[in-house]
Every structure is written in C-alpha cells, then in structure tokens.
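A closer look at the structure
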Amino acid sequence: MKDKTPPRPIITLEGVHKYYGDYHALRGIDAEIGEGEFFSLLGPSGCGKTTLLRAIAGFEDISSGRILLDGTDMEGVPPNRRPTNMVFQSYAIFPHLSVAENVGFGLRKAGMGNAEKARAVGEALEMVGLGGYGDRAAHALSGGQRQRVALARALILKPKVLLLDEPLSALDKKMREQMQSELRRLQRQVGITFILVTHDQEEALIMSDRIAVMFEGEIAQLAPPQELYRRPASRRVGEFIGMMNFLPATIMSEASGKLQVEVPGLGKAELERAQCPGPANPGPGEIGLRPESLTVLFDGQDAERVAPGKVEEVTYYGDMTYYDVRLEGAPNNVTVSMRNMPGRPVLARGEATKLAWDARAMVLFG
Amino acid sequence: MKGRGLHIYALVYLVFLYAPIVLLPLFAFNDGTTIAFPLQGFTLDWFRALVTTPALHEATLNSLIIAISTAVLSTCLGLFAARAATRYRFPAKPVIVGFIMLPLVLPEIIVAISLLVVMLQLGLSLSIWTIIAGHTLICVPFAIAILQGSFSNMDRSLEEASVDLGETPLTTFRLVTLPLVMPGIIASLLICFTISLDEFIIAFFLSGNEPTLPVYLWGQLRFPARLPVIMALGTILVGLSVGLLITAEFFRRRGLRRAGLPDSGGFL
Ligand SMILES: Nc1ncnc2c1ncn2[C@@H]1O[C@H](COP(=O)(O)OP(=O)(O)OP(=O)(O)O)[C@@H](O)[C@H]1O
Ligand SMILES: [Mg+2]
C-alpha cells in the first residue's frame, strides 16, 4: 500500500447531515479528501452518494456540519462560485449548442479573446480524444462521445475538484471498461482531485486511490482498495465488496495481540488482533474468508492446514472454476475459486475434497 | 370488408367538417347578394367593401391589439407557472395547478358573466383592457399546457450544468432555458393569439362600445345584404388561422429536432 505522506486535504467534510423533510439522507459524514486524489463514493442505491456529491457541488444545502473546499467553508456559496465542476449522470450536454460551444460554455466569463478561447477548447477536445469534433452538433453524438464532451467541458475550467456522478453507468460494458482506464489516465495527467460516485464495486476498486463505502447515509469504511478488500471493517462491507464467505466462529481468548478462534469446519486458528476490526470479546463471532484464499487440494497435494469437505456445486467460467463446498462440521457452504490451469482437473459435483486454508487471510467479526 | 365502413365514416366526417369552410371562399367571390346556388359569376366587390368599411377596420385593430396583448401576457404567465410546476415542489401544488387550469373546462359563458359582474362591481368601465383580462384568463391554461411539455422534455440537469459552469441562475435562464423552450414559447404565442382572435362570448360581454372582429361580425348578421362581405372576411380569417397553425407546428417540430427528441403528438 502506498501510504506515504498524506496529501494536503482539498475537501474536508465535518459532521455533514442532510434531511429531506423527515428523511435523514446523510447521517454525519466525516472525511478528508486529498489534493490530486482519485476518490470514490461507493454504496448501494439510495445510500446518499448523489446527495453528498451534490452537497459538495452546492446543489443541496446541508442541514448541519461543514464542507471545506481548500480550507474555505462553503456555507452559502452557490454552485457557480465553487471551485468544483460536475459531470452529470445524463452528461447534460446542451443540445442547442455545438460541441465546441458546449466545451467553451464555462469560459464566457473568463475574459479570454476569441482566438485564445478557441485554442483552449481545441486543447480540451484533444485531451479527451475528440480533436476535430468541435463543429459537430451536440445532439448527434454517441454516449461515449457525450461523456467526453462533458469531461472536456468541466476540465477546461481547471476546477480544484471534479465531481462525477455515475458517469459510466449509461455506457455498454466494453465502452465502460475503456472509459475506466481513460478516466484514470486523464486524472493522473491533469492532477485534479476526482470524486467518483458509483455503485459498481469493481469500478471503484479499479480506479480509486481511496474508497468511501456508504450505507444509509453513513460512511461504513474509508480505505484504499487493497485494504478495503482484505480487511473489510464489517460483515456488510465484506459482502458488498467482492465475494466473501462467512463461517460462524467462537472467540476463545485474547492474549498478547493474538486471538484464539475456533471455527467449525476448519478447526482452531490464531489471528492477529488487527484481523478483527471490531471488539473481540470472547464468545460467538464470525469469520470472513475470500474465495481465493481457500484452495482445493488435488491428489497428492498437501498443506499445513487442511479441512475435508464435499463439492456441492460447480460453476465453470472458463478461466476460473467456482466450487461450493460443504466442510465437515460446518453449518453452511463456502465458495472456493480456482484458476483453471493445464493439468489441473475440474472436480465434479458430489466429489469429496480437501481445502487448504490460511488464518492470515481471515477477518474476524466479533 | 370491414375497412369499408370506416372509410365512409371518415369521408362523411371530413365533408361535415370542411364543407362549410369551403363554402366561405365560394360565396366570397360570388357575384350575388344572396347566399344560394347557383353561383353567379366572379367578383372582388366584397373584398373591396371590406377595405371601405371604417367600423370593420376599428374592430380589426381592436382584435389585433387584444390578441397580441393576450398572447404575450398569457405566455409570460404560462412560462412562470409551467416552470414552477415542473421544477419546484411546493405545498398544495396539484390544487394550485388545478385551479389555474380550470378555465379550460369552465363554460365560457359562466366566465364571461362572472367577469362582467366583477368588473361592474369594481366600477371598471368596459374596454379592450377588460377583454384582454378575460382572454388572458382563458388562454393561460393553454399556454401552461404547451410550455409544461417543453419544460418536462428538458433535462433539468442542463440548467444545473450551466450554473455549475459559472453562470448565474439569471444568465442560465437566458443562455440555456430560453433557447430550449423557445419553440414552446412561439407555439404558445401563436395558439393564444388565435384563440383570442376568434373568441366571441367573453368579448361580447366585456366589449362595451369597442367591438372586436367576431362581435362586429355578429352585429353585421342582422343585415342580409352584408352576408357576402362577411364571407369575404371569413375567407381571410380562415387563411390566416391555417397559416398560423402551420407556423406553430413548424416551430414545435424544429424544437424537437434541435433537442434531439422523438416526436410525440402535436397539433398537425
Ligand atoms: N430531493 C429529494 N427529496 C426527498 N428525498 C430525496 C431527494 N433526493 C434524494 N432523496 C432521498 O435520499 C436518499 C439518497 O438519495 P441519493 O440520490 O443520494 O442516493 P444514491 O446513493 O445516489 O442512490 P442511486 O445509486 O440510486 O443514485 C434516497 O432515499 C432518496 O429517496
Ligand atoms: Mg445517485
């Protein structure tokens, strides 16, 4: 993980609450977003991602708390005077203007000469790969092109923060993947802080420096992608990011930074205290384990920690095979992912098998 | 042959609808003082008579002033109401909008009589201004209906994008909102103009001694000899109305094309 000196905060959120009438949409958001960071707001539908983004842009008044942009309290500052720009989910391309007029829209008050303006627009269009499209009518563009125009239009103003509300959700899969890497490249190139709203966990993992996972108006965890994936702060985060197996466990004891845990189906395990994000009181708990940190042992293979079980379901994906395995003594199935390789068989449903496991990959929820 | 009956029905319907209108120009150019067949030859006398009737000119002028004022006034009011109705949430919105739209279905004679009573109670003398007020009342619902369509066709994040890019709400209205609803505005102006121009009942009750064109026409019907002149006038009015409708439709379609929207409905 690349946690060097943390960048200077460009946005500070302090206890941000938002009510829509009686509905509590944001319930105390605290976060610092660094200069030049690619930051994602990730969460299921209705958790308040858009509300938070619009509050930063100035389109929603917050009920309490503070939003600081580059050290300045944004209370009462309208959207047109904030150093932020937004890429809307619908792209909001002005249909009555040409591509160049769209991109140059925000420069009207910049006091530039026409030639200077045309040059800036040309550069912005080059940057998003639309060089030479300036004279096109905006309503004749494809989805991907609209997206690029929206980006160019926002970036030409060199905002301190670029806000993107699910910018890729309207694109088809292939286009989306292409735009993901392009957005990332663009962000590095311009060095502007990007805040991306998405409900696609894979997209957030691929693109972000840090991710805030939101549930019901609260940040459940704020961490870099690797940490989020390896050490989810709660069962809910673990379930939301990627796939995670859960097995009931009993916390036996805690001594000198180590936790002794008994997991039916796997056996006894010794975990670091850091593997348990919450309190670790002795008693019932639950361990979380990613599918790739369990390994099917084929004939002749052995490992330090082995658990016997039976294959209940096989799902073949070509590059990977996913097995649902019932471990002996475990109350529920676990999913195991195995890369398909030459010489490696694919097990059949009903076969007996052995799984190798590693306590270091476990997360414990008290 | 189940299509047959429908064809006949359509034909009868169209004849019923348009035959009287076709009669207008027929008798307007007919060289005879009675409205009866057979036709007697071609003449432009009746049109010439139009030119030499000062009372008619006055009525026409009144009607134009009223129609233009009504169109502008109704469209402005409709613009505000339609924007509020599509953009903002406010308490009792359906009730308020419902009351504004009510004149659309109220019998015009009721509106006319109640307006007359109110005006007289207020001690206002009847003039073209009272007619403008009455016409605006019945035209605003049409303006709202047309403009609401324009506003709801328009993605509201367009206005937000403009503000986000540094424009104030006021310049946003000028640079983004107005151009995008302009086709609706033009359509509303033309429709309100047309409605006001041939409105009779309200104009009749509220006109005092400044008749509008329809009121003047009605007065002329007492003199059978004037009938062909009325036919000539009617011919001109039909031509104008059709022209206006076609213009309105043209602007509506151009607006849709510019906004890249599919065509759904319309007048023509
Ligand atoms: N203007 C509003 N008035 C009332 N409630 C609102 C308003 N805007 C949003 N909400 C509510 O606030 C909650 C959060 O909405 P928000 O749009 O921020 O969710 P989101 O996380 O962006 O979801 P999605 O992924 O569906 O876009 C939702 O339950 C929504 O119904
Ligand atoms: Mg949203």
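Higher on the page you've got the structure.
Keep in mind that what you see is a predicted model, and the values were worked out from it rather than measured. (Residues numbered from 1 in each chain as written. Chains lettered and ligands numbered in written order. Predicted model: local features only at pLDDT ≥ 70, side-chain atom pairs only at ≥ 80, totals over all residues. Heavy atoms only, no water.)

**Considering the interface of chain B and chain A**
What counts here: By definition, residues are in contact when any of their heavy atoms lie within 4.5 Å. Accessible surface is computed with a 1.4 Å probe, and the buried area is the amount of it that two parts give up when combined, taken over both parts together. Here, a salt bridge means any side-chain nitrogen of Lys or Arg that lies within 4 Å of a carboxyl oxygen of Asp or Glu. Think of a polar contact as two N or O atoms within 3.5 Å of one another; within protein, one of them needs to be a possible hydrogen donor and the other a possible acceptor, and neighboring residues in sequence only count if both atoms come from side chains. Strands are runs of DSSP state E lasting at least two residues, helices are runs of H or I lasting at least four, and both sets are numbered from the N terminus onward. Note on residue classes: Ala, Val, Leu, Ile, Met, Phe, Trp, Tyr, Cys and Pro are nonpolar, Asp, Glu, Lys and Arg are charged, and everything else, Gly too, is polar.
Each partner contributes to the interface: chain B provides 22 residues, whereas chain A provides 21 residues. At the boundary of chain B with chain A, total buried surface from both sides reaches about 1900 Å², with 59% on carbon and sulfur atoms. In terms of surface lost to chain A, no three residues of chain B exceed Glu160, Asp164 and Leu165 of chain B, which account for 34% of the buried area on that side. For the interface between chain B and chain A, the tally reads three salt bridges. The interface formed by chain B and chain A includes eight residue pairs in polar contact (both at pLDDT 80 or more). Elements with a minimum of two residues in the side of chain B that touches chain A: α7 (157-164), α8 (169-198) and α11 (227-259) of chain B. No other element matches α7 of chain B, which puts seven residues into the side of chain B that touches chain A. For the side of chain B that touches chain A, the residue count by class is nine nonpolar, six polar and seven charged.

**Regarding empty space enclosed by the protein**
Residue and element names in this part refer to chain B. Cut-off, in case you're wondering: Site definitions follow a grid-based scheme: protein atoms alone, a 1 Å grid, a 1.4 Å probe that fits but cannot get out for cavities, and for pockets an open set with protein on both sides within 12 Å along at least five of seven lines, plus lining residues having an atom within 4 Å of a point. Grid points are joined across faces, edges and corners, and a volume is the space filled by probe spheres set on the points.
Counted by the stated rule, this structure contains two cavities of 30 Å³ or more. Forming the walls of the largest cavity are Leu50, Thr53, Leu56, Tyr216, Leu217, Gln220, Arg226, Val229, Ile230 and Leu233. Of all the secondary structure elements, the ones that give two or more residues to the lining of the largest cavity are α10 (213-220) and α11. Considering only residue class, the lining of the largest cavity consists of seven nonpolar, two polar and one charged.

**Considerations on the packing of aromatic side chains**
Residue and element names in this part refer to chain A. As a reminder, the rule being used: Here the aromatic set is Phe, Tyr and Trp, taking the six-membered ring for Trp, and pairing holds for ring centres within 6.5 Å; pairs whose planes are under 30 degrees apart are stacked, those over 60 apart are edge-to-face, and all others are tilted. Remark: exposure states derive from per-residue accessible area (1.4 Å probe, protein chains only) relative to the maximum for the residue type, with buried under 20%, exposed over 50%, and partly exposed in between.
Within the structure shown, the criterion is met by 13 aromatic pairs over all chains. Between the aromatic rings of Phe38 and Phe194, the centroid separation amounts to 5.5 Å while the plane-to-plane angle is 45 degrees, which identifies the pairing as tilted. Within this pair, whereas Phe38 is found in strand β3 (residues 38-42), its partner Phe194 is found in strand β8 (residues 193-198), the two being separated by 156 residues in sequence. Residue class for Phe194 comes out buried when judged on its relative accessible area of 0%. For the pair Phe94 and Phe105, a centre-to-centre distance of 4.4 Å together with 40 degrees between the ring planes defines the contact as tilted. You can see Phe94 sitting in the loop between β6 (84-87) and α2 (99-103) and its partner Phe105 sitting in the loop between α2 and α3 (114-127), a full 11 residues away along the chain. You can call Phe94 buried: its relative accessible area is 0%.

Interpretation in functional terms is not warranted from these geometric data alone.
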